[in-house]
Amino acid sequence: MTDPRQSQSIFTRGAVDLGALAARNTAAAARPAPDAPAGAPAGANVIEVTEASFQQDVIQRSLTAPVVIDFYVAGSAPDQQFSPLLAALAAEGAGTWTLARVDIETSPRLAQMFRIQNIPFVVAIVGGQPVDAFNQALPEPHLRQWIDAVLKAAGVEVDRPEDPRLLAADDAMADGDLDAAEAAYQKILDETPNDIVAESGLAQVGLLRRTDGIDLAGALAAAQDAPDDLPAQLLAADVEVLTGEADKGYTRLVGLVRRTAGEERESVRKHLLALFTIAGPDDPAVAKARRALASALF
């Protein structure tokens, strides 16, 4: 998910003027807020908010930590099925962010201000301003990614526990069960597209399949003797990545890109990108090789 600070998302319909509530609520803020509905999620990081308490409980609070507003209708399907997931994640967040619940039937002016047309409607407030929103029930992995992006936008360090799905996939690969590992990584990507750790794991499975049972030294020697033999060069690059000399493998394939054209060049490029995926986008050697690849292509 992109950084919420860079996303217009739902708010492209027009600016949400949160400051307009301040004057309206000056007198109302002195009145006690009504008790939370009996079915509302409990927890220190989950609060019920009304128009009267919005300025204090959302705007002011968001100046120190993100506030995620869950607009709901009491007893509705989203309230019963999706809101508890948000509440559980807020509790898990241990104070890094607050879930503010707003019943749109009892706070219609807030619903109008945010132009809510359907529920669920969830919006993140950071530094007193809305930064991102969505209006559908996201599956838990996607919701976690969205919350992580909100926290990062607010400058909060995100330290998530290991994903048990990834641990299981890694264990399968470590045990040599490549079929099980491949299936596990692919399942994660089906549930959480663009998960860079799962993408890396899947690429590692591919590398292990291609190099299974080969003579590593012999593969490098064969490539040395046949610099224009495409399969030999691709396998040699695989061996170099496998043996911890990824920068040599990247350089080998960038050179091959320079010497090839058409379908052969495209095959080499895709192979190189697959090797990049193993290391991940933040690897300095990958960044350097990407620049070299761009120069070779253009």
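Here, every reference points to the structure presented above.
Note that the structure is predicted; figures quoted are calculated from it, not measured.

### Things to note about the overall build of the protein chain
Stage number 1. The number of helices and strands found in the protein chain is 14 helices and five strands.
Stage number 2. By the burial criterion, 43% of the 298 residues in the protein chain qualify as buried.
Stage number 3. Considering only contacts within the protein chain whose residues lie at least 6 apart along the sequence, 66% involve residues at least 24 apart.

### Considering the environment of Asp57
Stage number 1. Along the polypeptide, Asp57 turns up in helix 2 (residues 54–60).
Stage number 2. Between the alpha carbons of Asp57 and Thr98 there is a distance of 9.5 Å; along the sequence they are 41 residues apart.
Stage number 3. Ignoring any residue separated from it by four or fewer positions in sequence, one finds Asp57 in contact with Ile47, Glu48, Val49 and Val67.

### Let's talk about the pairing of strand 4 (residues 121–126)
Stage number 1. Summarising burial for strand 4: six of the six residues are buried, a large majority.
Stage number 2. Residues Phe121, Val123 and Ile125 point to one face of strand 4 and Val122, Ala124 and Val126 to the other, with burial holding for every one of them.
Stage number 3. Inspection of the sheet shows strand 2 (residues 67–72) paired to strand 4 by five bridges, in the antiparallel sense. Paired with Ile69 across the strands is Val123, a residue of strand 4.
Stage number 4. Note: strand 4 against strand 5 (residues 129–134), five bridges, orientation antiparallel. From the neighbouring strand, Val123 faces strand 5, where its bridge partner is Ala133.
Stage number 5. Remark: two residues form the turn of the hairpin made by strand 4 and strand 5, two consecutive strands paired antiparallel; Gly127 in that turn has positive phi of roughly 60°.

### Looking at the packing of helix 4 (residues 83–92) against helix 6 (residues 140–153)
Stage number 1. At a minimum axis distance of 11 Å, the contact between helix 4 and helix 6 shows a crossing angle of 50°. Between helix 4 and helix 6, the angle falls in the class oblique. Helix 4 and helix 6 meet at a crossing whose hand is right-handed. For the pair helix 4 and helix 6, the contacting residues are Leu85, Leu86, Leu89 and Glu92 in the first and Glu140, Leu143, Arg144 and Ile147 in the second.
Stage number 2. Considered class by class, the residues forming the contact of helix 4 with helix 6 number five nonpolar, no polar and three charged.

What counts and what doesn't
Residues numbered from 1 in each chain as written. Predicted model: local features only at pLDDT ≥ 70, side-chain atom pairs only at ≥ 80, totals over all residues. Heavy atoms only, no water. Helix = DSSP H or I, 4+ residues; strand = E, 2+ residues; numbered from the N terminus. Buried < 20%, exposed > 50% of the residue type's maximum accessible area, 1.4 Å probe, protein only. Contact = heavy atoms within 4.5 Å. Pairing = 2+ DSSP bridges. Axes fitted to C-alpha atoms, helices over the stretch in contact; angles between N-to-C directions. Parallel < 35°, antiparallel > 145°, perpendicular 65-115°, else oblique. Left-handed = near helix turned anticlockwise from the far one by under 90°. Nonpolar A, V, L, I, M, F, W, Y, C, P; charged D, E, K, R; others polar.

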